[in-house]
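# An overview of the molecular structure
Spelled out from the first residue to the last, the chains are:
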Amino acid sequence: IVFSGNGPSGICLSYLLSGYTPYFKRHSLHPHPILQRKLEEAPEVSVLDQDLEYLSEGLEGRSHSPVALLFDTLQRPDTDFGGTAESVLTWWHEPDRAIPHLVLGRNAPGGAWHSIEGSMVTLSRGEWMGLPDLPFKEWLKQKRRGLRNNRATAEDIAQYYQHYVMKKGLQKNFRCGTVVTSVRKVSAESISNHTQKDLQEDSDSLWNSNEKSAEVFQVDGFFKTVEGDKEPFSIYAENVVLATGTYDNPTWLGVKGENLSYVHHQLSALEEAVKNNSVGIMTDPVLIVGAGLTAADAILFAYNCNIPVIHVFRRRVTDPGLIFNQLPKTMYPEYHKVHQMMKEQTAACAGPYEHYISLPEHHVLSFGKDKKCIFQDKNGCQKSYKISMALVLTGSNPNLSFLPNDGIDLALDSDQPVNPKRNPIDVDPFTYECTQEKGLYALGPLAGDNFVRFVQGGALAAASSLLKKANKNPP
């Protein structure tokens, strides 16, 4: 089995395929009485070997995935009600159930968490960022640190994921610094005469020729050597897991001048500009486009550095779809502050916030070479502003260029690109296997699970399915 992506989804699945097996902890009490009754029916049978559809039936919560809700409530039974009830799972290491697998990733284990500005605070509560059987809070205590407002920094999380892989002894399955360039189906016969150039020293354990399977996946790519060279590889696997997340490809507006050098699509560009003193209190304003949390982070960063900001977004400030209208004020005071600014400091009426103007229900028409940007409001009126730099922070899309037709054929709507919120990959909800391509699995944002606490259910479903295929489930 080969995974593409070594973020939280890939780490969690590696843990489950390394023989770590969850059982219902005897004498523990789950607050959901129907689930408790189901768990008591077969405590000697691992959760991985039970009927996940039966166990998850009737559960409700903040995810559309039944298995995500199941695994989350087994690990954090009453967390949505502010409770701190212990997990009702106990973990046993059963090495004979381990399945050989490789986890390929560009960065160290933790995936895109290593690319996020380290001081950024997570949207989710800190304890929701943890992986099975090693609570994040306990790890933070060992560092003699606490959670700020119940939330964690991106740097903490990236370090925790690396520590988790080492602590659980998973590092032998991980190959960092690797880039996958192609995943495609080939006939098993065509490669039986081929020598496999493999990333593992003991290639026998990875590649067991299996007559049952007429087709296998060929995974091509390269890994970066210490000297900076690219060394190509080809691996053959009966099952491939896509867990690449969506951080790779920022969304573009598709307007004239968007490719000019002062227009950026990542928050890090603003941090860089502040370091270089190329923006500041005396420069023209920075334009921030978007009304999600990354845009809010950019506004807070600029505001704290006294950098003037023009903030453009398409929605109304009161739109219920706006993320700020869905967050509890007490838990997210800084995002509530941004929402206040958006409401109170429009171009039409000056408010109490210096160096900030909000333009709701506007969109960008073009960026000029002279750094003049033209906007249009909902009535068709146009405005022009001179800016120092622009940050287009309207979300990101997965980069699936390594799949045939960019993976579009795998999506729910196979006429549109894969998008984590609007058009995820179509998977079976209880195995996470792609409905259009057997043997291919998709986890995390690619399958529509966008929070760390919920990506783990996909890993549980995929592990259960892969163990059945490998006949590693007890009768």
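Residues numbered from 1 in each chain as written. Predicted model: local features only at pLDDT ≥ 70, side-chain atom pairs only at ≥ 80, totals over all residues. Heavy atoms only, no water.

Rules: UniProt positions are given in the numbering used here, feature names are shortened, and annotations may be inferred rather than shown by experiment.
Identification of the protein as Oxidative stress-induced growth inhibitor 1 from Peucedramus taeniatus is taken from an unreviewed UniProt entry. Regarding the protein, the relevant UniProt record gives this comment under Sequence similarities (unreviewed entry): "Belongs to the OKL38 family." We quote the UniProt Subcellular location (unreviewed entry) comment for the protein here in full: "Midbody".

## So, the overall build of the protein
Note the threshold: Helix and strand labels come from DSSP, where a helix needs a run of H or I of at least four residues and a strand needs a run of E of at least two; each type is numbered from the N terminus. Exposure categories follow from relative accessible area, calculated using a 1.4 Å probe and restricted to protein chains: below 20% of the type maximum is buried, above 50% is exposed, and the middle band is partly exposed. Should any heavy atoms of two residues lie within 4.5 Å, those residues are considered in contact. Working definition of accessibility: Shrake-Rupley area with a 1.4 Å probe, residue cover restricted to the visible protein chains.
Of regular secondary structure, the protein possesses 11 helices and 22 strands. A total of 475 residues make up the protein; the buried ones form 54% of that total. Taking all contacts inside the protein whose residues are at least 6 apart in sequence as the whole, residues at least 24 apart take part in 68%. With the model as given, the accessible surface of the protein reaches about 22400 Å², and the carbon-plus-sulfur share is 50%.

## Structural notes on the pattern of salt bridges
The following threshold applies: A pairing counts as a salt bridge when a side-chain nitrogen of Lys or Arg comes within 4 Å of a carboxyl oxygen of Asp or Glu.
Scanning the model with the defined rule gives 12 salt bridges in all. One salt bridge connects Lys-386 with Asp-284, and the closest N-O pair in it is separated by 3.7 Å. Highlighted residues: Lys-386 in strand β19 (residues 382-386) and Asp-284 in the loop between α8 (268-275) and β14 (286-289), separated in sequence by 102 residues. You can call Asp-284 partly exposed: its relative accessible area is 33%.

## Some thoughts on the sheet that holds strand β17 (residues 362-367)
What counts here: For two strands to be treated as a pair, DSSP must find no fewer than two bridges joining them. Geometry is summarised by axes, namely lines fitted to C-alpha atoms with helices restricted to the contacting stretch, and by angles between N-to-C directions that run from 0 to 180 degrees.
Taken together, the three strands give an open sheet; going across it, the order is β17-β18-β19, and neighbouring strands pair in antiparallel fashion. Among the strands making up the open sheet, the edge pair consists of β17 and β19. Here the strands of the sheet are splayed against their neighbours by 30° on average, with no regard to which way each runs. The sheet contact formed by β17 and strand β18 (residues 372-377) spans five bridges and is antiparallel. Pairing of Phe-367 across the sheet is with Cys-373, part of β18.

## Overview of α8
Among the residues of α8, those classed as buried are Ala-269, Leu-270, Glu-271 and Ala-273. Buried positions along α8 lie against β13 (263-264), β14, α9 (293-304) and β20 (389-392). Looking at the residues trailing α8, positive phi occurs at Asn-277, about 60°.

## Quick word on the packing of aromatic side chains
For the record, the criterion: A pair of aromatic rings is counted whenever rings of Phe, Tyr or Trp (Trp by its six-membered ring) have centres within 6.5 Å, and the orientation is called stacked for planes under 30 degrees apart, edge-to-face for over 60 and tilted otherwise.
Across all of its chains, the model carries 11 aromatic pairs by this definition. Judged by centre distance (5.7 Å) and plane angle (35°), the rings of Phe-136 and Trp-139 are tilted. With Phe-136 and Trp-139 both in helix α5 (residues 136-142) and three residues apart, the pair spans about one turn of that helix. Grouping residues by exposure puts Phe-136 and Trp-139 together as buried. Residues Tyr-160 and Tyr-161 carry aromatic rings whose centres are separated by 5.4 Å and whose planes lie at 55° to one another, so their mutual orientation is tilted. When its relative accessible area of 0% is taken as the criterion, Tyr-161 is described as buried. Clustering of aromatic rings is evident, with ring pairs tying together Tyr-15, Tyr-20, Phe-71, Trp-91, Phe-136, Trp-139, Tyr-160, Tyr-161 and Tyr-164.

## Considerations on the nonpolar core
Put simply, the test is: Only buried residues count toward a nonpolar core. Its members are Ala, Val, Leu, Ile, Met, Phe, Trp, Tyr and Cys residues joined through side-chain atoms within 4.5 Å.
In terms of nonpolar packing, the biggest core is built from 81 residues, with Leu-13, Val-219, Leu-242 and Ile-425 touching the most fellow members. Apart from the residues within four sequence positions on either side, Val-219 is in contact with Val-2, Leu-104, Val-180, Ser-182, Val-183, Phe-233, Ser-234, Ile-235 and Val-240. Counting 32 residues, the second largest nonpolar core, distinct from the first, contains Leu-293, Ile-299, Ile-307 and Met-389.

## Digging into the sheet that holds strand β8 (residues 178-187)
Judged by pairing direction, the sheet is antiparallel, and its three strands sit side by side in the order β8-β9-β10 without closing on themselves. Strands with a single pairing partner mark the edges of an open sheet, and in this sheet they are β8 and β10 (230-237). The sheet shows a mean angle of 20° between the axes of neighbouring strands, direction not considered. Looking at chain direction, strand β9 (residues 215-224) and β10 are connected through eight bridges and run antiparallel. Looking at the pairing, Phe-222 lines up with Pro-232 of β10.

## Some points on the confidence of the model for the protein
Formally: pLDDT measures the predictor's confidence residue by residue and takes values from 0 up to 100.
Averaged over the protein, the pLDDT score is 86; the fraction of residues at 70 or greater is 87%. Ignoring residues within four places in sequence, the model shows residues 195-211, a span with pLDDT below 50, making 37 contacts including any to other chains.

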